[in-house]
Amino acid sequence: MDEPILTMEEREAINNGRWFSTLSPSLRHDILRCAYVKRFKDGDMLAARGDPPEQWIACAKGAVRVSSTSVSGKQITLTYVEPGIWFGDVSIFDGDRRTHDCYAHGETTTLNVAKADFKKILSQHVEFAEAMLRLQSRRIRQLYGLVEDLNTLPLRARLAKQLNHLLRSYGTPSLSDAKAIRISLQLAQEELAQLLGASRQRVNQELKQMEREHIIRIEPGGLVVLDREGLLAIVNADH
């Protein structure tokens, strides 16, 4: 059976990734040349906590849910890896095992580079090592930003910021309203609450308030943003 290949849309997501697009053509070529494609159904496990690091991974379609398990056995969603984002390199660098569980959220496609190929490219391209340092630095900045937001912003502002972030990656025009943008990534309110470190009840209250203000519309299939400027105004009001 033929090996799966990326669709045009999936390849575009990889090539247009904020980090990957900054690499030289020769480095991008060497990475893509040894990469292989895997497709997952919703809920399929990509990697488990404690697994040895066998590959470096990029999300090409859908989303990868990164989660942990509480002492009570409850799964806690920490983040979603979006199309164009690479992950899984930390364990390859430090030689330790995977620290979190990763699941496909919706129909998901990943691009994978075996650990041996990753290290080979690293030894052949000085640029790759420098690029990986930039990637780690960006992640550290994002982490500090999340901690700062958690400690300085009210839930309303953090929720608006998260919705705006989801819009950038998963926003699609609404068929029923030309000005509205639908968030195509379907998240239960419990999952959204976990991303924000808040209770589902409090997130639901804030969503209802935004709906009363005609900033969003809550639908059975997800959220629709009616007023993106209003969403940004909530974020900026608390900065």
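Reading the values: rules and limits
Residues numbered from 1 in each chain as written. Predicted model: local features only at pLDDT ≥ 70, side-chain atom pairs only at ≥ 80, totals over all residues. Heavy atoms only, no water. Pairing = 2+ DSSP bridges. Helix = DSSP H or I, 4+ residues; strand = E, 2+ residues; numbered from the N terminus. Contact = heavy atoms within 4.5 Å. Axes fitted to C-alpha atoms, helices over the stretch in contact; angles between N-to-C directions. UniProt positions renumbered as here; feature names shortened; annotations may be inferred. Buried < 20%, exposed > 50% of the residue type's maximum accessible area, 1.4 Å probe, protein only.

1. Some points on the sheet that holds strand E6 (residues 86–87)
Argument step 1. Ordered in space as E1-E8-E3-E6, the 4 strands form an open sheet in which the pairing is antiparallel. Looking at which strands have only one partner, the edges of the open sheet turn out to be strand E1 (36–40) and E6.
Argument step 2. Bridge count for strand E3 (residues 55–61) against E6 is 2 bridges, and the pairing is antiparallel. Bridge pairing in E6 links Ala58 to Trp86.
Argument step 3. Of the strands in this sheet, E1, E3, E6 and strand E8 (108–114) are in contact with helix H2 (residues 25–34), which crosses E8 at around 105°.
Argument step 4. In this fold helix H4 (residues 115–124) packs onto E3 and E8, with an angle of close to 60° to the strand it touches most, E8.

2. Notes on the UniProt feature "domain: Cyclic nucleotide-binding" (unreviewed entry) in the protein chain
Argument step 1. UniProt feature "domain: Cyclic nucleotide-binding" (unreviewed entry): in the numbering of this structure it lies at residues 19–122.
Argument step 2. Counting secondary structure, residues 19–122 comes out at 23% helix and 39% strand; the distance between its end C-alpha atoms is 16 Å.

3. Things to note about the UniProt feature "domain: HTH crp-type" (unreviewed entry) in the protein chain
Argument step 1. The residues that UniProt annotates with the feature "domain: HTH crp-type" (unreviewed entry) are residues 153–229.
Argument step 2. Within the segment residues 153–229, helix and strand shares are 51% and 18% respectively, and the terminal C-alpha atoms sit 19 Å apart.

4. Some points on the side chain of Ser67
Argument step 1. Here Ser67 shows up in strand E4 (residues 64–69).
Argument step 2. Take Ser67: its relative accessible area is 0%, and that puts it in the buried class.
Argument step 3. With residues up to four places along the chain from it excluded, the contact list for Ser67 reads Gln75, Ile76, Thr77, Leu78, His100, Asp101 and Tyr103.

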